[in-house]
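# Structural characterization, general
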Amino acid sequence: MLTKFETKSNRVKGLSLHAKRPWILASLHSGVIQLWDYRMGTLIDKFDEHDGPVRGVHFHILQPLFVSGGDDYKIKVWNYKLHRCLFTLLGHLDYIRTVQFHHESPWIVSASDDQTVRIWNWQSRTCLSVLTGHNHYVMCASFHAKEDLVVSASLDQTVRVWDIGSLRKKNVSPADDLMNLSQINSDLFGGIDVVVKYVLEGHDRGVNWASFHPTLPLIVSGADDRLLKLWRMNDTKAWEVDTLRGHVNNVSCVVFHTKQDIIVSNSEDKSIRVWDVTKRTGIHTFRREHDRFWILASHPEMNLLAAGHDSGMIVFKLERERPAFSVSGDSMFYAKDRFLRFYEFSTQKETQVLPIRRPGSTSLNQGPHTLSYSPTENAVLICSDVDGGSYELYIVPKDSISRGDTVQDPKRGAGGSAVFVARNRFAVLDKSTNQVLVKNLKNEIVKKSGLPITVDSIFYAGTGNVLCRAEDRVVIFDLQQRIVLGSLQTPFVKYIVWSNDMENVALLSKHAIVVASKKLVHQCTLHETIRVKGGAWDDNGVFIYTTLNHIKYCLPNGDSGVIRTLDVPIYITKVLGNKIFCLDRDGKNKVIVIDATEYIFKLSLLKKKYDHVMNMIRNSQLCGQAMIAYLQQKGFPEVALHFVKDEGTRFNLALDSGNIQIAVAAAKEIDEKDHWYRLGVEALRQGNAGIVEYAYQRTKNFERLSFLYLITGNIEKLSKMLKIAEVKNDVMGQFHNALYLGNSQERVSILENAGHLPLAYITASVHGLQDVAERLAAKLGDLPTLPKGKVPTLLMPPTPVMRGGDWPLLRVMRGIFEGGLDNVGKGVPGLEEEVDDADWGEELDLVDVDGLENGDIQAVLEDREVNEDNDEEGGWDLEDLELPPEADTPKASISSHSSVLVAPTPGMPVSQLWIQKSSLAAEHIAAGNFDTAMRLLHRQLGIQNFAPLKSMFIDLHVGSHSYLRAFSSVPVLSMAVEREWTESAAPNVRGPPALVFNFSQLEEKLKAGYKATTAGRFSEALRLLLNILHTIPLIVVESRREVDEVKELIVIVKEYVLGLQMELKRKELKDDPIRQQELAAYFTHCNLQVPHMRLALLNAMKLSYNAKNLNTAANFARRFLETNPTNENQAKTARQVLQASEKNLTDSSKLNYDFRNPFVICGATHVPIYHGQKKALCPYCSSNFLPSQEGKLCTVCDLSVIGMDASGLLCSPSQIRYKASKGYCDCSKALLQILVGSVDV
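Residues numbered from 1 in each chain as written. Predicted model: local features only at pLDDT ≥ 70, side-chain atom pairs only at ≥ 80, totals over all residues. Heavy atoms only, no water.

## Remarks on the overall build of the protein
Along the backbone of the protein there are 32 helices and 61 strands. The proportion of buried residues among the 1241 residues of the protein is 48%. For the protein, the accessible surface area stands at approximately 63700 Å², while carbon and sulfur atoms represent 50% of it. (Helix = DSSP H or I, 4+ residues; strand = E, 2+ residues; numbered from the N terminus. Buried < 20%, exposed > 50% of the residue type's maximum accessible area, 1.4 Å probe, protein only. Areas by Shrake-Rupley, 256 points an atom, 1.4 Å probe, with all protein chains shown as cover.)

## Overview of unusual backbone geometry
Even without a glycine there, the phi angle at H1166 is positive, about 55 degrees. In this structure, H1166 sits in the loop between strand 58 (1159–1161) and strand 59 (1168–1170).

## Some details on the packing of helix 22 (residues 930–941) against helix 23 (residues 950–959)
Between helix 22 and helix 23, the least distance of the axes is 12 Å, while the angle of their chain directions is 125 degrees. Between helix 22 and helix 23, the angle is such that the two are oblique. Handedness of the crossing formed by helix 22 with helix 23: right-handed. Contacts from F930, A933, M934 and L937 of helix 22 reach helix 23 at F953, I954 and H957. (Axes fitted to C-alpha atoms, helices over the stretch in contact; angles between N-to-C directions. Parallel < 35°, antiparallel > 145°, perpendicular 65-115°, else oblique. Left-handed = near helix turned anticlockwise from the far one by under 90°. Contact = heavy atoms within 4.5 Å.)

## So, the sheet that holds strand 16 (residues 158–163)
What the four strands build is an open sheet, ordered 14-15-16-17; its pairing is antiparallel. Taken across any chain shown, the strands that pair with only one partner, and hence form the sheet edges, are strand 14 (138–143) and strand 17 (195–201). In this sheet, neighbouring strand axes are inclined to one another by 20 degrees on average, regardless of whether the strands run parallel or antiparallel. As defined by bridge partners, strand 14 adjoins strand 15 (residues 149–154) across five bridges and the pair is classed as antiparallel. From the neighbouring strand, A141 faces strand 15, where its bridge partner is S152. (Pairing = 2+ DSSP bridges.)

## Section: the sheet that holds strand 43 (residues 473–478)
Taken in spatial order, the four strands line up as 41-42-43-44 in an open sheet, and their pairing is antiparallel. For this open sheet the edge positions go to strand 41 (457–460) and strand 44 (483–489), each flanked by a neighbour on one side alone. On average, adjacent strands in this sheet sit at an angle of 25 degrees to one another, irrespective of strand direction. Where strand 43 and strand 44 come together, six bridges link them in antiparallel fashion. Bridge pairing in strand 44 places I476 opposite G486.

## Focus: helix 24 (residues 999–1014)
With 16 residues, helix 24 ought to run about 22 Å at 1.5 Å a step, and its terminal C-alpha atoms sit 23 Å apart, in line with that. Three or more residues of helix 24 are buried, namely F999, L1002, L1006, G1009, Y1010, A1012 and T1013. The buried residues of helix 24 occupy one face: seen down the axis, they fall within an arc of 165 degrees. Exposed and facing more than 90 degrees away from the buried side of helix 24 are K1007 and K1011. In this structure, the buried residues of helix 24 make contact with helix 25 (1018–1031), helix 26 (1040–1068) and helix 28 (1090–1106). One or two steps after helix 24, the chain reaches G1016, where phi turns positive at roughly 80 degrees. (Expected span 1.5 Å × (residues − 1). Arc of directions from axis to C-beta.)

## Re the pairing of strand 31 (residues 339–344)
As defined by bridge partners, strand 30 (residues 331–336) adjoins strand 31 across six bridges and the pair is classed as antiparallel. Paired with K336 across the two strands is F339, which belongs to strand 31. Counting the residues that bridge the hairpin from strand 30 to strand 31 gives two residues, and of these D337 lies at a positive phi of roughly 55 degrees. Bridging between strand 31 and strand 32 (residues 349–355) involves six bridges; their strand directions are antiparallel. Bridge pairing links F339 to P355 in strand 32. In this structure, the hairpin formed by strand 31 and strand 32 is closed by a connection of four residues, where Q348 is found at a positive phi of approximately 55 degrees.

## Considering helix 22
Relative to the 16 Å expected for twelve residues at 1.5 Å per residue, helix 22 spans 16 Å between its end C-alpha atoms, a close match to the ideal helical length. Within helix 22, burial applies to T932, A933, L936, L937, H938, Q940 and L941. Following helix 22 by one or two positions, G942 adopts a phi angle in the positive range, close to 70 degrees.

## Let's talk about the packing of aromatic side chains
Using the criterion set out here, one finds 29 aromatic pairs in the structure. Relative to W36, the ring of F5 has its centre 5.4 Å away and its plane inclined at 55 degrees; by these criteria the two rings are tilted. Note that F5 is positioned in strand 1 (residues 2–8) and W36 in strand 4 (residues 33–37), a separation of 31 residues in sequence. W36 gets classed as buried once you look at its relative accessible area, which sits at 13%. Each ring, one from Y343 and one from F345, has its centre 5.5 Å from the other, and the planes form 80 degrees; the classification is edge-to-face. Looking at F345, the relative accessible area reads 2%, which means it is buried. Among the aromatic side chains, those forming a connected cluster through ring pairs are W23, F47, F59, F66, W78 and Y80. One Lys or Arg, K13, reaches over the ring of W294 and ends 4.0 Å from the middle of that ring. A cation sits over an aromatic face here: R322 above Y495, 3.7 Å from the ring centre. (Phe/Tyr/Trp six-rings, centres within 6.5 Å; stacked < 30°, edge-to-face > 60°. Lys NZ or Arg CZ within 6 Å of the ring centre and 35° of its normal.)

## Focus on the environment of V542
Its location among the elements puts V542 in the loop between strand 49 (532–537) and strand 50 (543–547). In this structure the C-alpha to C-alpha distance between V542 and Y599, which are 57 residues apart in sequence, comes to 8.2 Å. Ignoring anything within four residues of it in the chain, the contact list for V542 reads A536, W537, Y553, C554, L555, Y599 and L603.

## Thoughts on the state of the cysteines
Scanning the model with the defined rule gives zero disulfides in all. Distance from the sulfur of C1181, which forms no disulfide, to the nearest cysteine sulfur (C1178) is 3.5 Å. In this structure C1197 is a free cysteine whose sulfur lies 3.6 Å from that of C1194, the closest cysteine sulfur available. By relative accessible area, C1197 is classed as buried at 0%. (Disulfide = S-S within 2.5 Å.)

## Some details on the side chain of N1115
Mapped onto the fold, N1115 is located in helix 29 (residues 1110–1122). Non-local contacts of N1115, meaning those with residues more than four positions away in its chain, are made with Y1153 and F1155.

## A few points about the nonpolar core
Of all hydrophobic cores here, the largest spans 89 residues; its most connected members are L937, I1032 and Y1180. By residue number, the principal contributor to this core is helix 26, which donates ten residues. Aside from chain neighbours lying at most four places away, what touches I1032 is L1002, V1046, L1049, I1050, Y1180 and L1209. Formed by 58 residues, the second largest nonpolar core is a distinct cluster that contains L149, L200, V220 and V274. (Core = buried A, V, L, I, M, F, W, Y, C linked by side-chain atoms within 4.5 Å.)

## Digging into the packing of helix 12 (residues 702–712) against helix 13 (residues 715–727)
At their nearest, the axes of helix 12 and helix 13 sit 9 Å apart, and the two run at 155 degrees to each other. Viewed along their axes, helix 12 and helix 13 adopt a mutual orientation that is roughly antiparallel. Between helix 12 and helix 13 the crossing geometry is left-handed. Residue-level contacts link F702, L705, S706, Y709 and L710 of helix 12 to K717, L718, M721 and I724 of helix 13. Class assignment for the residues of the contact of helix 12 with helix 13 results in seven nonpolar, one polar and one charged. (Nonpolar A, V, L, I, M, F, W, Y, C, P; charged D, E, K, R; others polar.)

## Overview of the pattern of salt bridges
Taken as a whole and judged by the stated rule, the model has 35 salt bridges. For the salt bridge of R11 with D310, the shortest nitrogen-to-oxygen distance reads 3.1 Å. Pair noted here: R11 is in the loop between strand 1 and strand 2 (12–17) and D310 is in the loop between strand 27 (305–309) and strand 28 (312–317), with a separation of 299 residues, a long-range link. The exposure class of D310 is buried, given its relative accessible area of 18%. For the salt bridge of R1041 with E1045, the shortest nitrogen-to-oxygen distance reads 2.5 Å. Of the two residues, R1041 and E1045 are both situated in helix 26; the distance of four residues between them amounts to about one turn of the helix. Using a relative accessible area of 26% as the deciding quantity, one classes E1045 as partly exposed. Connected through shared salt-bridge partners, E6, K8, R288 and D291 make up one network. (Salt bridge = Lys/Arg side-chain N within 4 Å of Asp/Glu carboxyl O.)

Okay, here's the thing in structure tokens:
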């Protein structure tokens, strides 16, 4: 049984599978009807209107309807789209057991405990016929799939078959104008529309269920006598064929399988049994421990079954449907219908090769599940679960591919997993010994190789290699050298797919896809909510895969998307261009044409093939919000801009890409305040004062306008703003503008008009306006006093360094997308170019805001002051000069210096030189290249948590530069500060950066940490020591000796941090004396300085002694005395404890502590890891951890990932020179890989 879905609920009494959608209805004993999506595993809806248990439920095959019947005697018809009951059919007088829609007619058949079967018309909502004849509860009734028959089963020990042919004719034929006699009799005395055709007697107890075979004239029934009976019928009679025995309690339900000659039954004996119809024997039994089964449902079109039990339901398949296949070049071998078949992709031709002999078996899932092919030897390996796992080796003759008539006795062997690993060698997994047996084509063992981990399956991984699957990981094992070439932790892998060049592999799990390199270096992981079915690589290195209902793609960087939806699951065999070759569940070859534009476009962007991207934009219909969001996310808003017609989206993308012209055009179309404000912010960032002014004018944001005029020195327009504020009667606006203008007289006037005479007087007197001050003094009488000893100063606005105009812009090359995409969607560019030089009259002098450069925006301002009178004479009075004819004006020499300033070509920044020259993380941080620094630290030390290092990164970068302020209108100038710089150094030679962190600082911090530890300030000591651990990756030393000292410092600090963490945790534990003793004991096993070790031993000794753990306390006392303590009082106490403990060397409580057995301490769980036990290490601080902590963050240094492979600390140029001289690695090459992003961290 392959369980696809399972629920936990009240007892399930009725089930129905939808014919088209992945839905199942479950009616519960509690009265609730649940609608589930069994693919997604989600509850879609609940229907709760029945009063009491609902025993029957059924989907309509076409309409969005289902019917239910319950113990409230009601039949309800529901519309699941409207989420409500449409109507109720009343008529039954007792519990309703089953309900079912007819496959063609608008009928419902229902069976009830009132001993009747009723047929209803759900369109007219009337009862068409009442079938009487049973003399006990009718347990079920159902229509035949094709004929006009109904079968019913009753506790009167009979199965009845009813003929409803007359009822169909009566309801299909048109009504006559006058009712004939038979119709009158029918209405008055009960109809004869339905007659009993057969009464099947043979069961000794009540019959619970009876079902028709979908195509054959067979009926199967199950009863309380624990038997299944198979009946055959013809036009005149029906008879018992056979009895199936096996159940040990009442048989609840029994159905024929829709696609196989199989009967499935379930029972109150808590089992589901599968029977062979032809052999009439039991094939398989599935049992549950505590749940009785009540109902079975079979999918009308798929190989799917459902069963309801006491605590829920299960949806399951009896056998896997994935066809076994193997692709080699342009051809494929696959197994179908007990034949080996050959398929050629180029011609799409299918050929039957040879029959696959299957031994007679009474079990399920005995078909081929994997197939491996050797093209040179034309040999095929087929693996199946026969005899607990076995393989068959077929040698395919060359001529048999065309004939398919060869009968061959294959070579067989035990082993559920076998693959070719060389031309004439194949590997077989022996699970009993966990070995791989290498065999030749004669089926003889050539070699045996023990595997390093427990393996349950093997796959091909290149010549001489196998990929071994364990429960939680996969490894690549070299059979020749017997070594592991790569290992990767994954969810349980079901299938693997190698790329065409064998450089990448996709590991397919139930709900995940892991993409890795050929050495199993992880590249990306995709998670799916729906089961993954298979996949294949295309020629571009994109992995195309299928789920139950989608074809999807996965790019090398992990980006994925949907290509198209599927009606039925398929298994991809090969991808060629835009064609997907696949097999369906019936083993039929199909070719699906897909639109690969989307993922090819994304791949081109990823690989920076911009010419290809431009070509696709011009010629493809790429659109949609998903594509726009993707381009924006990947940093290509200027590309997304060319797909968008919506002005709001265009505006956002234009701002993201800095295209101020398109943003202005879009803002004009939208004309909303928020958009103008955002446009102004972006224009201000770009220094385009004209656009900022325009945006503020459109929103009438006068305050911002005034400030803009102030900082740009536009006094004329600032004066206008003062007048506007006066017109608007905006007193504060007037005052601010007067302040910006430095117009003290206007400020005095404003204060006076506002009634603030004292302020007006003070302002006038301070600014020397004596006449105004005297006038105001006369009005005031009582004059305000000015502070004594204070010298008044004029409040005047600063003079702008640069007046008006926009910021100067650098002339740069247009990006490939800016120039290349301008003509997208336009006509042929050659047509415009041909008429450029033709004389077609005067050019129009049009102003287009879309094409404006900075400084030309005055053309579009609302308050622009363009002189309309263009016919006035004048302009520049440049009259001809009357020069003497003999004046010989010398021509300027070509080599002479021009008076025009030519800016020097900018050189390479010093920070960029630092990056190129060094692979030390600290120097990359100093240069401001945090990204490559983090990549280096991740590769060298496995650091993943950079949060504690953030402030240090900033300090290091800022400290390596000096900052000079020239004047207010230009940015601050930064200058790199170099280490070991001297005045005699050559000007073109650049040294490494000066760093703010050095080794001597760490030594001082270590001493401070020692001092705090001695004083018992453990929190302070822990903070200081952790700071040392966080700083060490960011320092640079010169000599190899200093490198060794740094590494020694890491070990020292790590021991103290671990010990202090345990001691602080011990102090928090108040109610757990045993754990307190354990932590104190572990603290004594940290590598501490002698004074601190004595204190730790004394503490542990006292705790153990007070807790009556005398044996442990004596051990601590001995160790303390061995340190030759200088404090006599402490030594005396230790001797007393030792003397008292030796009288009774026992422990009152058991501790997880054995001082005789060497151990290290797990940094996360703080438990001992004894000698010989497995452990994982932190790649940076080398702290020890239990294997279960692998992959988590180190709790000691709080930086690195436990168990990660790392190259080691690199903190000195001498290490690089040393490694280069020994030929260990090429650091420059590794650094280059990191810089270009080819190393995935």
